[in-house]
Amino acid sequence: MEKLVRTVEELYEFQRGKLPAGPGADALMATCRTVEEELDRNDSGPAKAATDRQVELLLKKDDKVAGRAE
């Protein structure tokens, strides 16, 4: 679960423009883009903000993160 929490934190850093570096950075950026696209598709308006739980569920759908999350 700790890896999932760190990945959520990295997603928020990615959204603020801070890109990950090092081993696995490309895969992490691809995952972040996928989650952002999914959040955009499900956005019902400007007042809606994604919760940590929504982000975690989307990350778990991604096999690359789900395998490392638990």
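From a predicted model like this one, the values you see are computed outputs, not experimental measurements. (Residues numbered from 1 in each chain as written. Predicted model: local features only at pLDDT ≥ 70, side-chain atom pairs only at ≥ 80, totals over all residues. Heavy atoms only, no water.)

Mind showing me how you'd approach helix α3 (residues 52-61) here?
Think of an α-helix as turning once every 3.6 residues; residues three or four places apart then point the same way. Within α3 the residues assigned to the buried category are Val55, Glu56, Leu58 and Leu59. Buried residues in α3, looked at end-on, bunch into an arc of 165°, giving them a common side. (Buried < 20%, exposed > 50% of the residue type's maximum accessible area, 1.4 Å probe, protein only. Helix = DSSP H or I, 4+ residues; strand = E, 2+ residues; numbered from the N terminus. Arc of directions from axis to C-beta.)

Teacher, can you tell me more about the nonpolar core here?
What tends to happen in soluble globular proteins is that the nonpolar side chains get buried as a cluster. Judged by nonpolar contacts, Leu4, Val8, Leu11, Phe14, Leu28, Met29, Cys32, Val35, Leu39, Val55, Leu58 and Leu59 together constitute the single largest core of 12 residues. Mapped by element, the contributors of at least two residues to this core are α1 (2-15), α2 (25-41) and α3. Element by element, the count of residues in this core is highest for α2, at five residues. (Core = buried A, V, L, I, M, F, W, Y, C linked by side-chain atoms within 4.5 Å.)

Looking at this structure, I do not really get the pattern of salt bridges. What am I missing?
Summed over all chains, the structure comprises three salt bridges. Notably, a salt bridge pairs glutamate 2 with arginine 6, separated by 3.0 Å at the nearest N-O pair. In this pair, glutamate 2 and arginine 6 are both assigned in helix α1, four residues apart and thus about one turn of the helix distant. A relative accessible area of 57% places glutamate 2 in the exposed class. In this structure arginine 6 comes out as partly exposed when scored by relative accessible area, which is 42%. Salt-bridge contacts for glutamate 38 lead to arginine 41; the nearest nitrogen and oxygen are separated by 2.7 Å. Linking glutamate 38 with arginine 41, this pair stays in helix α2, spanning three residues, or about one helical turn. Glutamate 38 sits in the buried class, given a relative accessible area of 18%. What makes arginine 41 exposed here is its relative accessible area of 57%. (Salt bridge = Lys/Arg side-chain N within 4 Å of Asp/Glu carboxyl O.)

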